[in-house]
Amino acid sequence: FGERLSFFFNAHNHFFQEIAKFRAARRLWAQIMRDRFGATNPRALALRFHAQTGGSTLTAQQPENNVVRVAIQALSAVAGGAQSIHTNGFDEALALPTERSARVALRTQQILAHEAGGTDTADPLGGSYFLEALTAELEERAEELLGRIDELGGAVAAVEQGVVQDEIEQAAFRYQQEVEGGERVIVGVNRYAEAESEPIELHRIDPDAERRQLERTARVRAERNADEAERAVAEVVRVARGSDNLLPAMREALRVRCTVGEICGALRDEFGTYDANRV
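What counts, and at which threshold
Residues numbered from 1 in each chain as written. Predicted model: local features only at pLDDT ≥ 70, side-chain atom pairs only at ≥ 80, totals over all residues. Heavy atoms only, no water. Phe/Tyr/Trp six-rings, centres within 6.5 Å; stacked < 30°, edge-to-face > 60°. Helix = DSSP H or I, 4+ residues; strand = E, 2+ residues; numbered from the N terminus. Buried < 20%, exposed > 50% of the residue type's maximum accessible area, 1.4 Å probe, protein only. Contact = heavy atoms within 4.5 Å. Expected span 1.5 Å × (residues − 1). Patch = residues over 30% accessible without salt bridge, like charges linked within 9 Å, V, L, I, M, F, W, Y side chains within 5 Å. Areas by Shrake-Rupley, 256 points an atom, 1.4 Å probe, with all protein chains shown as cover. Salt bridge = Lys/Arg side-chain N within 4 Å of Asp/Glu carboxyl O. Polar contact = N/O pair within 3.5 Å; in protein donor to acceptor, adjacent residues only side chain to side chain. Axes fitted to C-alpha atoms, helices over the stretch in contact; angles between N-to-C directions. Parallel < 35°, antiparallel > 145°, perpendicular 65-115°, else oblique. Left-handed = near helix turned anticlockwise from the far one by under 90°. Nonpolar A, V, L, I, M, F, W, Y, C, P; charged D, E, K, R; others polar. Pairing = 2+ DSSP bridges.

**Points about the packing of aromatic side chains**
Applying the stated rule across the entire model yields seven aromatic pairs. Considering the side-chain rings of Phe7 and Trp29, the 5.1 Å spacing of their centres and the 75° angle between planes classify their relative orientation as edge-to-face. Residue Phe7 is found in strand 1 (residues 7–11), and its partner Trp29 is found in helix 1 (residues 15–36); the two are separated by 22 residues along the sequence. Taking 6.1 Å as the distance between ring centres and 25° as the angle between the ring planes, the aromatic pair formed by Phe9 and Phe22 counts as stacked. Residue Phe9 is located in strand 1, and its partner Phe22 is located in helix 1; the two are separated by 13 residues in the primary sequence. The exposure class assigned to Phe22 is buried, which follows from its relative accessible area of 0%. Grouped by ring-pair contacts, the aromatic residues Phe7, Phe9, Phe22, Trp29 and Phe49 constitute a single cluster.

Written out as structure tokens, the structure is:
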């Protein structure tokens, strides 16, 4: 089943580091699948991944600068071997994307594919001393981190002990310190800022959309078989208490028109919600 696994990565602003990150991930995956799990199928050794440009890198200040950020991030994913890419709208630090910003995001991908030569060859920067050294460094540091996780008893144990959340929080804290201290330059935010914000068209949600959705949900509940729906949710809860596959029970609940909210609510009542501070 290894050939059916895939990953979802973010692409951030440091062009070379991001390419090295994706290359290191591909190398690590091949080694782990071969050496730890004994995979022999070449397709199982190949890391397949989707990359989305980093929403957390988008700035509300001078938002049109995000067009450049997104293009750089997307190109790093192309050069790093992504199979598919999502490009953010430049206005997503402020609101849901407008049609215009979504079109610019789409055209960014199309320009990279058809004008920039992004798809002409795989691993276009392979062999570069800088990229190879950076890839090797990231791979080595990732192996150290994986070793720590193994010592804790694996990924689940690391999550339960709060190690993963702590790593995320520490990284976020260091990043924010660097931005506020000026060590990390964010153009338009802590350097090259402007006194007045530039006007930008924002996407506005139709307030009637909520009313229409509530009406549709009420109509579904009124027209469905209430007993069937109640039994289906109860079955989801029953399966959740054991070790069987939840998918068939959830699929049956959806078939009899239970809402996603009802199913999630039942699971939330049964499992509770994750709180890193209580781990």
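**Description of unusual backbone geometry**
Unlike most non-glycine residues, Asp123 shows phi in positive territory, near 50°. Checked against the element boundaries, Asp123 lands in the loop between helix 4 (99–114) and helix 5 (129–152). One non-glycine residue, Arg257, adopts positive backbone phi at about 75°. Inspection of the secondary structure assignment puts Arg257 in the loop between helix 10 (247–255) and helix 11 (260–271).

**Describing the environment of Ile72**
When you line up the elements, Ile72 lands in helix 3 (residues 65–80). Residue Ile72 is classed as partly exposed on the basis of its relative accessible area, which comes to 34%. For the pair Ile72 and Phe15, spaced 57 residues apart in the sequence, the C-alpha separation amounts to 6.5 Å. Apart from residues lying up to four places away in sequence, Ile72 is in contact with Asn13 and Phe15.

**Points about helix 7 (residues 163–180)**
For helix 7, spanning 18 residues, the distance from its first C-alpha to its last is 26 Å, which sits close to the expected 26 Å at 1.5 Å a residue. At the exit of helix 7 stands Gly182, carrying a positive phi of roughly 80°.

**Description of a nonpolar patch on the surface**
Together, Val159, Val164, Ile168 and Tyr274 give the surface a local cluster of nonpolar side chains, amounting to about 350 Å² of exposed area. Residue classification places Tyr274 among the exposed positions, given a relative accessible area of 51%.

**Quick word on helix 9 (residues 226–240)**
Under the 1.5 Å per step criterion, the end-to-end length of helix 9 is 21 Å for 15 residues, consistent within 8% with the ideal 21 Å. Of all the positions in helix 9, only Ala229, Ala232, Val233, Val236, Val237, Val239 and Ala240 are classed as buried. Its side-chain oxygen placed 3.1 Å from the backbone nitrogen of Asp227, Asn225 serves as the N-cap of helix 9.

**Comments concerning the packing of helix 3 against helix 4**
How two helices pack is summed up by the angle between their axes together with the distance between the axes. Closest axis-to-axis distance for the helix 3/helix 4 pair is 10 Å, and the angle between their directions is 40°. The angle between helix 3 and helix 4 falls in the class oblique. Classified by chirality, the crossing of helix 4 by helix 3 is right-handed. Residues Val67, Ala71, Ala74 and Leu75 of helix 3 form the contact with helix 4, whose own contacting residues are Val104, Thr108 and Leu112. Its residues assigned to classes, the contact of helix 3 with helix 4 shows six nonpolar, one polar and no charged.

**Focus: the side chain of Arg224**
Looking at the element boundaries, Arg224 is found in the loop between helix 8 (208–223) and helix 9. The exposure class of Arg224 is buried, given its relative accessible area of 18%. Within the structure, the side chain of Arg224 is placed 3.0 Å from the backbone oxygen of Arg257, a separation counted as a polar contact. Reaching out from Arg224, the side chain makes a polar contact with the side chain of Glu262 at a distance of 2.9 Å.

**Overview of the side chain of Glu139**
You can see Glu139 is positioned in helix 5. On the basis of relative accessible area, Glu139 is assigned to the buried category, the value being 7%. Polar contacts involving the side chain of Glu139 include one to the side chain of Gln31, which spans 2.8 Å. Excluding residues within four positions of it along the chain, Glu139 makes contact with Ala24, Arg27, Leu28 and Gln31.

**Observations concerning the sheet that holds strand 1**
Note on sheets: strands pair through backbone hydrogen bonds, and any given pair is parallel or antiparallel. Sheet architecture is open: three strands sit in the order 1-2-3, paired in parallel fashion. The strands lining the two open edges of the sheet, one partner per strand, are strand 1 and strand 3 (84–86). Geometrically, the sheet is characterised by an average inter-axis angle of 25° between neighbouring strands, direction not taken into account. The pairing of strand 2 (residues 49–53) with strand 3 spans three bridges and is classified as parallel. Residue pairing in the sheet places Ala51 in a bridge with Ile85 of strand 3. Along the sheet, helix 3 contacts strand 1, strand 2 and strand 3; its crossing angle with strand 2, the most-contacted strand, is approximately 165°.

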